[in-house]
Amino acid sequence: MTQPDPDPSAAADESVAAPSGQPLTLQEVIWNEPGPAGLTVRFRFVAPEIGAGGSIGFETASADIQALCESYALPRIAEQGPMPAQVVISMADVPLPFGEPAPEATQYFEAFTIRDGICIWEPF
């Protein structure tokens, strides 16, 4: 399995603000795992409030994911070199290893194409 690349502009365990106010922690950024569209950068967040008994539902989490792509991911990928074909923003209620199944966890994923400095949602 491909290991995450170090990213000087995103530190694991960094607290990140979400528009909803839900607490988020950056788990990792994966720069070198190809996706179906080509070079894909993944920003993985831990969002405890999306889990069972949490206060954040899918609609709110989805809006946060869109905002994270535009305000968090875009500035960081612009600093790192070639523009990826796709950015994936994910949230899980608990920290999870990349690529391993976790049926007990609540997870949300959204994929975006970057065009003219804007995150355009792409259905999986």
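Just above, that's the structure.
Here the structure is a predicted model, which is why all the values come from computation and not from measurement.

**Q** Explain the pattern of salt bridges to me, please; I cannot follow it from the model alone.
**A** One side chain can pair with another of opposite charge once the charged atoms of both are near each other. For the structure on display, the rule yields one salt bridge. In this structure, the salt-bridge partner of Arg 44 is Glu 28, at a minimum N-O distance of 2.3 Å. With Arg 44 in strand β3 (residues 40-46) and Glu 28 in strand β2 (residues 24-30), this pair connects stretches of sequence that are 16 residues apart. Residue classification places Arg 44 among the buried positions, given a relative accessible area of 8%. With relative accessibility at 15%, the residue Glu 28 sits in the buried group.

**Q** Mind showing me how you'd approach the pairing of β2 here?
**A** A regular strand places its side chains so that they alternate between the two faces of the sheet. Burial analysis of β2 places five of its seven residues in the buried class, the great majority of the element. Sheet topology note: the strand β1 (residues 14-16)/β2 ladder contains three bridges and is antiparallel. When the bridges of β2 are listed, Glu 14 appears paired with Leu 26.

Criteria and cut-off values
- Residues numbered from 1 in each chain as written.
- Predicted model: local features only at pLDDT ≥ 70, side-chain atom pairs only at ≥ 80, totals over all residues.
- Heavy atoms only, no water.
- Salt bridge = Lys/Arg side-chain N within 4 Å of Asp/Glu carboxyl O.
- Helix = DSSP H or I, 4+ residues; strand = E, 2+ residues; numbered from the N terminus.
- Buried < 20%, exposed > 50% of the residue type's maximum accessible area, 1.4 Å probe, protein only.
- Pairing = 2+ DSSP bridges.

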